[in-house]
Amino acid sequence: MNDNINLWDFVTRHWEKLLEQTGQHIGLTFMSITLAIIVGVPTGILISRKRKLSSPILAFAGVLQTIPSLALLGLLIPLLGIGPKPAIAALFLYGLLPIIRNTYTGIANINPEIKEAARGLGMSDKQSLLKVELPLAMPVILAGIRIATIINVGVATLAAYIAAGGLGEFIFGGISLNNTTMMLAGAIPAAMLALLFDFLLSRFQKIRFKKMASIFFIMMAIVLLSGFYIIPSLKRSKLLAGFTPEFMGRSDGYIGLQQTYGLNVPTVVVNDAVMYKAIFEKKLDVVSGYGTDGRIDAYQLVSLEDDKKIFPPYYAAPIIKERTLERFPELEPVLNLLAGRINDSIMTSLNYQADYLHREPAVIARAFLESQNLYKPARPVGKGSIRIGSKVFDEQYILASIYTQLIRGYTNLNVLPKTGLGGTKICFDALMNDQIDFYPEYTGTGLTVMLHADTATVRRLAINKDTVYAYVKRAFKQRFQVEWLKPVGFNNTYAIMMRKEDAMRLGIRTISNLADYLNSQ
Amino acid sequence: MVSIRQVSKSFGANAAVDNVSLDISDGEHVVLLGPSGSGKTTLLRIINGLVTPSSGTILINGQDIREQPQEELRRQIGYVLQRNSLFPHYSVEENIGVVPNLLKWNKQAIRQRVRELMKKLHLPEKYRSSTPDELSGGEAQRVNIARALASDPPLLLMDEPFSALDAITRKSIREEFMQLDEFRKKTIIMVSHDIQEAFELGDTILLLHDGKLVQKGRPSELLFSPANDFVKDFLSNDYLQLSLAVTSVADLWNYLSGEGNNAEDLSGEPVCDTTLWKAMELFRDKNEDGQFIALRHERTGEWKRVTWGNLMNAYSSLQCNNHR
């Protein structure tokens, strides 16, 4: 995909998709907020009546909100699968705290004289609540709903990670593809949605209480009806594919599969952190992944052969600015110590230890270095320091740990890990802006994402791993003054994976087989 | 009308109300007076069930208040709170109409009653749709009183209703309040810490101290026959003014040497038939040229034309007599 087009062109070209995503985004936000109101306001009222319950309930809702959004989504997958249901559930849980807390505070902070007057004039508890306390607390409650809505418009972008759609598809696609236009096409409507909702709710605050209640019920009805439209939209056909936002947008990804193989499969967008779990739990049947992923074995998956060679080689190598190499001449030989040392099967087993056995990257790195007789204890630290970056998956953490231990053992440089940078774009931007000094990158990513090589170039180069390496090395030097050091050895190319049992049963071995199977019926 | 039988209320170890018993008859205006912390507000709140007593019973018209639903009980009792107790989200009209609404009066009747009360309490018609924050302190308190009177309850409880107002507003509202027929016929129990207010408004004063009832009696009884040193000390600072206020023209009548007794002679003179304090105020308000005011005996209807000197002589004679 080419991102040298302006935002307007992108929007006009993809407006249908954009509209769909915006609709999904609104649906997710509305559904979850409505549920949060239905549960949160009565809970708030309850704890304003039974003060003893207030601390445990507020603490519980507070804890829910501290769970990282992606982790919460991951926790919900075994229960609710993938798609809008876990996304709405997660957003609902996020919306609860502000709504409960503000309902409680709103009611608790009403002038006690006024509550006393309500009681003293002969209102029952219910009358006092409905006629006096709720109307007076309403501005505070609505402020809570506004906060929850704004939070949820933001968090709903993450729904794209679990196949629930929304504007996150463009945002995360854009981030991983280094495509600013695509990212903005998702981010700007998301920001506008937040502002719009905030504005509408602020208008709402001025309406009197009685009218408000009826409007709320009408809104709730609309939302629940729209909910019926959202939920079944994730219909299952023969096979369901889940691809990462990055894979969806890449010329050597989903687009390549469609163009070269004629693969035609219902597809949802999903984050790789939850993808393996989802396929293992049979929520998905086909996923995109990486050749050296440790979870292939762990989850009994099989990687389909790329018989038409659309995935370029992805050889990992550290990339570093020329200027940094000049400043620390001792660095290059140390980083190159690893060159050619890790082949595909070694990397897969290292990944397996991290992904499946959950061992610490530093432990895995040390064991590996010791087995290669490369390990040396850390030297005293001198003046200079090096910041190592990595993307957020285990292979990158392991490589970063290995490099950290090498630099500490062989030089006097101090090492500052800056690992866990969201995606290719974030990592590369960090490198270019001197926030990190180097990180491990893959030749195929360099070729397609940073250099935006067109399909013809990819085809021409992809025949040979060395030509791809040579091409990116030269181009990066010219364009970014960034040096590709020697490749580590393994090729972590894209892979299309299925469950082993399915593949055996359906006789699918290659991607062509899969395309034939899907087109056959 | 109201009987309080051996009522006590303690909060933790503190006894806020300690074994108080008393009877209040129909139409009596009772002021609960005492320093802060004496338990007067708690006692008031016990009467309409806002506070449940630790022991003892309250009877209203012979019925134990615990035997009826609390909300219904409270709808039968007017309640005026100190301040800031108007519902800020209601208009003046809605605020006044709260209790009739709870009693499910029809809209027309509520409207009528609100209009009537606003007129009686000198609230301009245009305030009907104003909200409480648009009113001055005095106006808000009139609305507050109107709200308590809306359903015309026979019993009215007032918790320091004027204390949040400035001195001048307080005095004028108090005077209006006393003149209203709505008030005159009601049984009123009012909490106050203002001694002069209590003397002005109360037929009966209940002086409370540390939760105990120290003395119950007419204002003049408290002043001239204090039950103990606490009562005496409590009133001592205001003694002179109070004694002028509780001494009626009728009390002085036999000591007054004045001329008159003929209605025709009195034309043009200001007339007083209430208290010595009022009579003295008439002298203050008079211009220099007249030395006389007219006094009228409220029961017999006799007239006397007196000078300042006559008045003062009569008062000292009365004092001598009282102390003798």
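Residues numbered from 1 in each chain as written. Chains lettered and ligands numbered in written order. Predicted model: local features only at pLDDT ≥ 70, side-chain atom pairs only at ≥ 80, totals over all residues.

Peer 1: I keep staring at the overall build of chain A and nothing clicks. Help me out?
Peer 2: Along the backbone of chain A there are 24 helices and 10 strands. Counting only C-alpha atoms and orienting by the principal axes, one finds that chain A spans roughly 85 × 65 × 45 Å. Buried positions account for 50% of the 521 residues belonging to chain A. (Helix = DSSP H or I, 4+ residues; strand = E, 2+ residues; numbered from the N terminus. Buried ≥ 20, exposed ≤ 12 C-beta atoms within 10 Å, placed from the backbone.)

Peer 1: Explanation requested: the overall build of chain B in the structure shown.
Peer 2: Counting secondary structure elements, chain B contains 15 helices and 13 strands. Expected size for 324 residues packed as a compact globule is a radius of gyration near 20 Å; at 22 Å, chain B falls within 12% of this value. With respect to the principal axes defined by its C-alpha atoms, chain B has extents near 60 × 50 × 35 Å. Classification of the 324 residues of chain B by burial places 39% in the buried group. Long-range contacts, defined here as pairs at least 24 residues apart, represent 69% of the contacts in chain B between residues at least 6 apart. (Rg over C-alpha atoms; globule rule 2.2 N^0.38 Å. Contact = placed C-beta atoms within 7 Å.)

Peer 1: Explain the domain arrangement of chain B to me, please; I cannot follow it from the model alone.
Peer 2: The figure often quoted for interface size is the accessible area lost as the parts come together. Once the domains are mapped, chain B shows domain 1 (2-236) and domain 2 (247-323). On a C-alpha basis, the centroid separation for the pair domain 1 of chain B and domain 2 of chain B is 34 Å. (Domains from an automatic or database assignment.)

Peer 1: Help me understand the sheet that holds strand β5 (residues 63-64) of chain B in this model?
Peer 2: The strands making up a sheet associate through backbone hydrogen bonding, with each pair oriented either parallel or antiparallel. All names here are of chain B. What the four strands build is an open sheet, ordered β2-β1-β4-β5; its pairing is antiparallel. Edge strands, defined here as strands with exactly one partner in the open sheet, are β2 (14-24) and β5. Here five bridges tie strand β1 (residues 2-11) to strand β4 (residues 55-60), and the two strands are oriented antiparallel to one another. Paired with Val2 across the bridge in β4 is Ile60. Together, β1, β2 and β4 form the strand contacts of helix α1 (residues 40-47), whose direction differs from that of β2 by roughly 60°. (Pairing = 2+ DSSP bridges. Axes fitted to C-alpha atoms, helices over the stretch in contact; angles between N-to-C directions.)

Peer 1: Honestly, the interface of chain B and chain A in this entry has me stumped. Any pointers?
Peer 2: Listed per partner, the contact involves 15 residues of chain B and 14 residues of chain A. For the side of chain B that touches chain A, the elements supplying multiple residues, two or more each, are α2 (70-75) and α4 (98-102) of chain B. For the side of chain B that touches chain A, the residue count by class is eight nonpolar, four polar and three charged. (Nonpolar A, V, L, I, M, F, W, Y, C, P; charged D, E, K, R; others polar.)

Peer 1: What is the right way to read the confidence of the model for chain B from this model?
Peer 2: Detailed conclusions should not be drawn from predicted coordinates in areas where pLDDT is low. Residue and element names in this part refer to chain B. Within chain B, residue pLDDT values average 86, and 94% of them lie at 70 or more. The weakest mean pLDDT in chain B belongs to strand β11 (residues 271-272) at 76; the strongest belongs to helix α3 (residues 92-96) at 94. Quick note on the complex model: pTM equals 0.72, ipTM equals 0.81. (pLDDT = per-residue confidence, 0-100.)

Peer 1: Can you walk me through the environment of Pro318 of chain A in this structure?
Peer 2: Residue and element names in this part refer to chain A. Inspection of the secondary structure assignment puts Pro318 in strand β5 (residues 316-321). In this structure the C-alpha to C-alpha distance between Pro318 and Pro440, which are 122 residues apart in sequence, comes to 4.1 Å. Beyond its immediate stretch of four places on either side in the chain, Pro318 contacts Leu335, Tyr403, Phe438, Pro440 and Leu485.

Peer 1: Is there a simple way to think about the sheet that holds strand β10 (residues 494-499) of chain A in this case?
Peer 2: Residues and elements named next belong to chain A. Within the open sheet, the five strands sit side by side as β2-β1-β3-β10-β4. Their pairing is mixed. The open sheet is flanked by β2 (267-269) and β4 (301-304), the only strands paired with a single partner. This sheet shows a mean twist of 35° between the axes of neighbouring strands, independent of strand direction. Here β4 runs beside β10; their pairing, made up of four bridges, is antiparallel.

Peer 1: In this structure, what is going on with the packing of helix α4 (residues 84-108) of chain A against helix α6 (residues 125-155) of chain A? I would like to understand it.
Peer 2: Any two packed helices are characterised by the angle at which their axes cross and by the distance between the axes. Residue and element names in this part refer to chain A. Interaxial distance between α4 and α6 falls to 8 Å at its minimum, and their mutual angle equals 160°. Classified by the interaxial angle, the pair formed by α4 and α6 is roughly antiparallel. Crossing geometry of α4 relative to α6 is assigned as right-handed. In this structure, α4 uses Leu91, Tyr94, Gly95, Pro98, Ile99, Arg101, Asn102, Thr103, Thr105, Gly106 and Ile107 to contact α6, whose residues at the interface are Glu133, Ala137, Val140, Ile141, Ala143, Gly144, Ile145, Ile147, Ala148, Ile151, Asn152 and Val155. Across the contact of α4 with α6, the residue classes tally to 14 nonpolar, seven polar and two charged. (Parallel < 35°, antiparallel > 145°, perpendicular 65-115°, else oblique. Left-handed = near helix turned anticlockwise from the far one by under 90°.)

Peer 1: Please explain helix α8 (residues 180-204) of chain A as it appears in this structure.
Peer 2: In an α-helix, one turn spans 3.6 residues, which is why side chains three or four residues apart end up on the same side. Residues and elements named next belong to chain A. The end-to-end C-alpha distance of α8, which contains 25 residues, comes to 35 Å, matching closely the 36 Å that a straight helix rising 1.5 Å per residue would cover. Within α8, burial applies to Met182, Met183, Ala185, Gly186, Pro189, Ala190, Leu193 and Phe197. Looking at the buried residues of α8, the elements they touch are α1 (7-49), α6, α7 (168-177) and α10 (245-249). (Expected span 1.5 Å × (residues − 1).)

Peer 1: So what exactly am I meant to see when it comes to the pairing of strand β8 (residues 438-442) of chain A here?
Peer 2: Side-chain positions along a regular strand alternate between the two faces of the sheet. Residues and elements named next belong to chain A. Where burial is concerned, most of β8 is hidden: five out of the five residues are buried. By the alternation rule, side chains of β8 split into Phe438, Pro440 and Tyr442 and Tyr439 and Glu441, which are all buried. Examined bridge by bridge, β5 and β8 share five bridges and lie antiparallel to one another. Within β8, the residue paired with Ala316 across the bridge is Tyr442.

Peer 1: How should I be thinking about the domain arrangement of chain A in this particular structure?
Peer 2: All names here are of chain A. Per the domain assignment, the segments making up chain A are domain 1 (7-233), domain 2 (241-306 + 496-520) and domain 3 (316-492). Here domain 1 and domain 2 have C-alpha centroids that lie 34 Å from each other. Counting residues at the interface gives 18 residues for domain 1, matched by 17 residues for domain 2. Every element with two or more residues in the side of domain 1 that touches domain 2 is listed here: α3 (69-80) and α7. For the side of domain 1 that touches domain 2, the per-class residue count stands at 12 nonpolar, five polar and one charged.

Peer 1: Sorry, what's going on with the environment of Ala198 of chain B here?
Peer 2: Residues and elements named next belong to chain B. Positionally, Ala198 belongs in helix α9 (residues 195-201). Taking the number of C-beta atoms within 10 Å as the measure of exposure, Ala198 has 24 and is therefore buried. Each C-alpha atom of the pair Ala198 and Leu22 lies 18 Å from the other, and the pair is 176 residues apart in sequence.

Peer 1: It is not clear to me how the packing of helix α16 (residues 344-355) of chain A against helix α18 (residues 394-410) of chain A should be interpreted in this structure. Could you clarify?
Peer 2: All names here are of chain A. Between α16 and α18, whose axes approach to 9 Å, the crossing angle comes to 105°. In terms of axis orientation, α16 runs roughly perpendicular to α18. Of the residues in α18, those in contact with Met347, Leu350, Asn351, Ala354 and Asp355 of α16 are Asp394, Glu395 and Ile398. Grouping the constituent residues of the contact of α16 with α18 by class yields four nonpolar, one polar and three charged.

Peer 1: Would you mind showing me how to read α1 of chain B here?
Peer 2: All names here are of chain B. Burial of α1 is extensive: eight of the eight residues sit out of reach of the surface. Of all the residues in α1, the buried ones are Lys40, Thr41, Thr42, Leu43, Leu44, Arg45, Ile46 and Ile47. Count one or two residues on from α1 and you reach Gly49, which has phi positive near 80°.

Peer 1: Sorry if this is basic, but what is going on with the environment of Leu284 of chain A here?
Peer 2: Residues and elements named next belong to chain A. Relative to the helices and strands, Leu284 is located in the loop between α12 (272-280) and β3 (286-290). Distance in space between the C-alpha atoms of Leu284 and Leu304 is 16 Å, their sequence separation being 20 residues. Every residue in contact with Leu284, bar those within four places of it in the chain, is listed here: Ile82, Leu240, Ala241, Gly242, Ala278 and Ile279.

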